[in-house]
Structures are given as structure tokens and as C-alpha cells.
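Listed below, chain by chain, are the residues.
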Amino acid sequence: MSYFKISSLHLNRVKKCLLTGIMLSTTLIGAQAEPDPNFHIYLCFGQSNMEGNARPEDVDKEYVDERFQTLACVDFQNPERKMGQWYTAYPPIVRQHTGLGMADYFGRTMVKNLPANVKVGVVDVAIGGTKIEGFMQDKVEAYIDSMKPHEQWLRNFYKEYDNEPYKRLVDMARIAQQSGVIKGILLHQGESNNGQADWPQKVKTIYNQLISDLGLNANDVPLFVGETVSQEQKGACWLHNTIIATVPDVIPNSHVITSNGCPQRGDGLHFTPEGYRIMGKRYAQAALKLMGINIEVEQPATKDK
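Residue positions within a chain follow its written sequence, with the count starting from 1. At least 70 in pLDDT is required for a residue's local features to be given in this predicted model, at least 80 for side-chain atom pairs to be given and counted, and no such filter applies to totals for whole chains, interfaces and linings, which use all residues. The basis for every side-chain value is the complete set of heavy atoms in the structure, and neither hydrogens nor water enter the calculation.

(A) View of the overall build of the protein chain. Assigned secondary structure in the protein chain consists of 11 helices and nine strands. Contact between two residues is taken to exist if any of their heavy atoms lie within 4.5 Å; hydrogens are not considered. Within the protein chain, counting contacts between residues at least 6 apart in sequence, those at least 24 apart form 73% of the total. For the area figures, the Shrake-Rupley method with a 1.4 Å probe applies, and any residue is considered shielded solely by the protein chains shown. Accessible surface for the protein chain amounts to roughly 14600 Å². Of this, 51% is attributable to carbon and sulfur atoms. For helices the rule is a DSSP run of H or I covering at least 4 residues; for strands it is a run of E covering at least 2, with both sets numbered from the N terminus onward.

(B) Region of the structure containing unusual backbone geometry. The step from Asn78 to Pro79 runs through a cis peptide bond, and the omega angle for that step is 0°. Considering the arrangement of structural elements, one finds Pro79 in the loop between strand E3 (76-77) and strand E4 (80-81). Geometrically, the link from Pro91 to Pro92 is a cis peptide bond, its omega value of 5° lying close to zero. Looking at the element boundaries, Pro92 is found in the loop between strand E5 (86-88) and helix H4 (102-113). Backbone geometry at His97 places phi at a positive 75°, although glycine is not the residue there. Mapped onto the fold, His97 is located in the loop between E5 and H4. Relative accessibility thresholds used throughout: buried, under 20% of the residue-type maximum; exposed, over 50%; partly exposed, between the two (1.4 Å probe, protein chains only). Residue His97 is classed as exposed on the basis of its relative accessible area, which comes to 72%. Phi at Lys234 takes a positive value of approximately 60°, unusual for a residue other than glycine. With respect to the helices, strands and loops of the structure, Lys234 is situated in the loop between strand E8 (223-226) and helix H9 (240-244). Of the residues examined, Lys234 reaches a relative accessible area of 67% and is grouped as exposed.

(C) A look at helix H8 (residues 199-213). Spanning 15 residues, H8 covers 21 Å between terminal C-alpha atoms, matching the ideal 21 Å at 1.5 Å per step. For H8, the set of buried residues is Trp199, Pro200, Lys202, Val203, Ile206, Tyr207, Leu210 and Ile211. Tucked inside the fold, the buried residues of H8 contact strand E1 (39-46), helix H7 (165-176), strand E7 (181-188), E8, H9 and helix H10 (247-250). Among the residues trailing H8, Gly215 stands out with phi positive, at a value near 65°. Multiplying 1.5 Å by the helix residue count minus one yields the expected span of that helix.

(D) Summary view of the packing of aromatic side chains. Stacked, tilted and edge-to-face pairs are distinguished by plane angle, under 30 degrees for stacked and over 60 for edge-to-face with tilted covering the rest, among Phe, Tyr and Trp rings (Trp via its six-membered ring) whose centres lie within 6.5 Å. Taken as a whole and judged by the stated rule, the model has six aromatic pairs. Each ring, one from Tyr143 and one from Tyr158, has its centre 6.1 Å from the other, and the planes form 70°; the classification is edge-to-face. Separated by 15 residues along the polypeptide, Tyr143 in helix H5 (residues 140-145) and Tyr158 in helix H6 (residues 152-159) bring together distant segments of the chain. The same class applies to Tyr143 and to Tyr158, which are both buried.

(E) Local environment of the environment of Trp199. Mapping Trp199 onto the fold places it in helix H8. Spatially, the C-alpha atoms of Trp199 and Gln189 are 9.9 Å apart, while their sequence positions differ by 10 residues. In this structure Trp199 touches Ile132, Leu187, Gln189, Gly190, Asn193, Val225, His240, Ile243, Ile244 and Val247, once residues within four positions along its chain are discounted.

(F) Looking closely at the side chain of Glu133. With respect to the helices and strands, the residue Glu133 is situated in the loop between strand E6 (119-126) and H5. By relative accessible area, which is 12% here, Glu133 ends up buried. At 3.1 Å, the side chain of Glu133 forms a polar contact with the side chain of Asn193. Polar contacts here mean pairs of N or O atoms no more than 3.5 Å apart (in protein, one a potential hydrogen donor and the other a potential acceptor; neighbouring residues in sequence count only if both atoms are side-chain atoms).

(G) Quick look at the sheet that holds E5. When DSSP finds two or more bridges between two strands, those strands count as paired. Ordered in space as E5-E2-E6-E1-E7-E8-E9, the seven strands form an open sheet in which the pairing is mixed. Edge positions in the sheet fall to E5 and strand E9 (254-257), since each has one partner strand and no second. Each adjacent strand pair in this sheet contributes to an overall mean axis angle of 25°, direction not counted. Bridge count between strand E2 (residues 68-71) and E6: three bridges; the pairing is parallel. Residue Phe68 lies in a different strand from E6, and its bridge partner there is Val120. Across the sheet, H7 touches E1, E2, E5, E6 and E7, and the angle it forms with E6 is around 165°. In this analysis, axes come from line fits to C-alpha atoms, helices being fitted only over the stretch in contact, and the angle between any two N-to-C directions falls in the range 0 to 180 degrees.

(H) A look at helix H11 (residues 273-289). The end-to-end C-alpha distance of H11 is 24 Å, a good match for the 24 Å that 17 residues give at a rise of 1.5 Å each. With 14 of 17 residues buried, H11 is to be regarded as a mostly interior element.

(I) Main features of the pairing of E7. Of all eight residues making up E7, six are buried, and the element is well covered by its neighbours. Examined bridge by bridge, E1 and E7 share seven bridges and lie parallel to one another. Within E7, the residue paired with Phe45 across the bridge is Leu187. Pairing between E7 and E8: three bridges, direction parallel. Along E8, the bridge assignment pairs Leu187 with Val225. A clockwise course of the path from the first strand over the helix to the second, judged with the strands pointing away from the viewer, identifies a crossover as right-handed. Taking the sense of rotation as the criterion, the β-α-β connection linking E7, H8 and E8 turns out right-handed.

(J) Fine view of the pattern of salt bridges. A side-chain nitrogen of Lys or Arg and a carboxyl oxygen of Asp or Glu constitute a salt bridge if their distance falls within 4 Å. Evaluated as defined, the whole model comprises nine salt bridges. Here the salt bridges do not stand alone but share partners, grouping Glu57, Asp60 and Arg277 into one network.

Structure, rendered in C-alpha cells:
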């Protein structure tokens, strides 16, 4: 065995030991205090639009209410964050070198419209370019093995989660459950599975597994699924929106978030900062509506304005 392989094996063991230590520490803390029912936790997963693909603008860097928190799911260097710890949710919230995504204005909009004693936290594990199979425990290994040599960048993203993004999401969700209560799941993915009719069933498999692994009640944990860039915005994967529309047929407690009118950056795949802000607000609008709170979300600005 080469020195490199030994070093890599040792590094992976160290990472797993550190993660075990984090979970043990939070478990001991949780044993002393009950989770706060007014700390609402939302799990987020998907590919690049959930990860955050737009450079934050000045308005996005302004004050963020500390009631909106993000649980670091990887270690950050800039900004400095430690995996398994809570931070005020300034972007980037998924990992360093990402940008503004769906969860940013979801959380900001939630705390703006909920009582002052309610906090909102997001647990966001997302990988730009991934297929949905990357979040399926029985398929992720084969999926990684199938990646082409030119997809080393994607392999590197997976390494951030020790090649097990689903497990990382569950591990971090369990840490989050020591502090609050999981209230919902946000998904934005599909560009890499564009038009595949079996995609909703794969989403159902992941959703059901999350519900089971985290001891949740599906009736209490809605799934919010966002559309890809729309046809009228010249989305490259707009066809997948017809597939997304069928998710409520297989997951009863699910809700589709429209992307109509949300501008894209020109590649047909990713939204502009304005598009992410509006999509995030629409996710929040759907979540708040289930609580009996109705809000209006502004329409995207037109090119004439």
C-alpha cells in the first residue's frame, strides 16, 4: 500500500473520529436540555441551485437576523466555521466557494414572518452537478465509480462529505435535533436527471428514508420541491418541471415551488441573485401557508424596468 493511500485512509479515519466526537458531545449536551420547540429546523439537499451558484450582492451581505441559523455541514476556512456548529446564516451557507442559494432567503423570509420567539435553522447538504442517485445510499458508491475522468471536480465535491452526502445530512440532522425540531425538507435537484420519469420515485425513496432514520412523522414534515429554470426563461432543463409536477402524486405531503418568471444567469441552468431571492421567498411562502400565515412575494423585475 502506498504512502498516499495510507495517508488518505488515516485522514478518513480521523474525520470519522472527529464526527463521532461532535455527535457524542452534542448528545451529552442534549441530555441536559430538551430541544427548543420554537427552533424550527429545515433540511435542504440537492445540486448546484441548492448549493448556491450566484455571487452574493451587497444587499445579500447586509444584516441577517441571528434568529436565522445554519448548521455547518463541513468545515469552512472562509468564513471560519466548524462542522456541527450553528452560525448566523450569512452566505455562503453550504460550504466555502459556494454562493447565494435557495435556503438563504427561505430562512430570512421565515424569521421575518414568524413570532419573535421562533428561530429557524437550515441543515444544507448540496453538491453541484450531482444526480439524485448521489443521495441514495444503495446507489451512491456505484454513481461515484461511474464518474468520468473529466468529472474529477465532482469527485472532489463528494470528498467534502466523505463520499456519503446522505449520511452527512442525517448525521447533521441528528445534531440539529438536539437543539430544535425538524419542520420540513427543501429539495432543489433535477437538472442532472432531466426528464427522467422515475425521478419522483427516487425522491420518495430518499424522503422516506429520512423520515425513518430521523424518527419523524411524514404528516408533520412536508417536502418542498423547487422547479428548474422555466421554459419561458429559456431553461435548459425545463422539461423536468413536468416531472417535478408529479411529485405530489407519490409523496402526499409535498409541494411544488414554481420558478415562473425567475431570471437565469444565461446558462439555462442557474438563477441570478434576484432569482434565488424570489425562489427562496416562494419556498418560505409555501411553508408559512401550511402554518396559516399568508404572505405576498414580489414578482421578478422585468427587463423593461
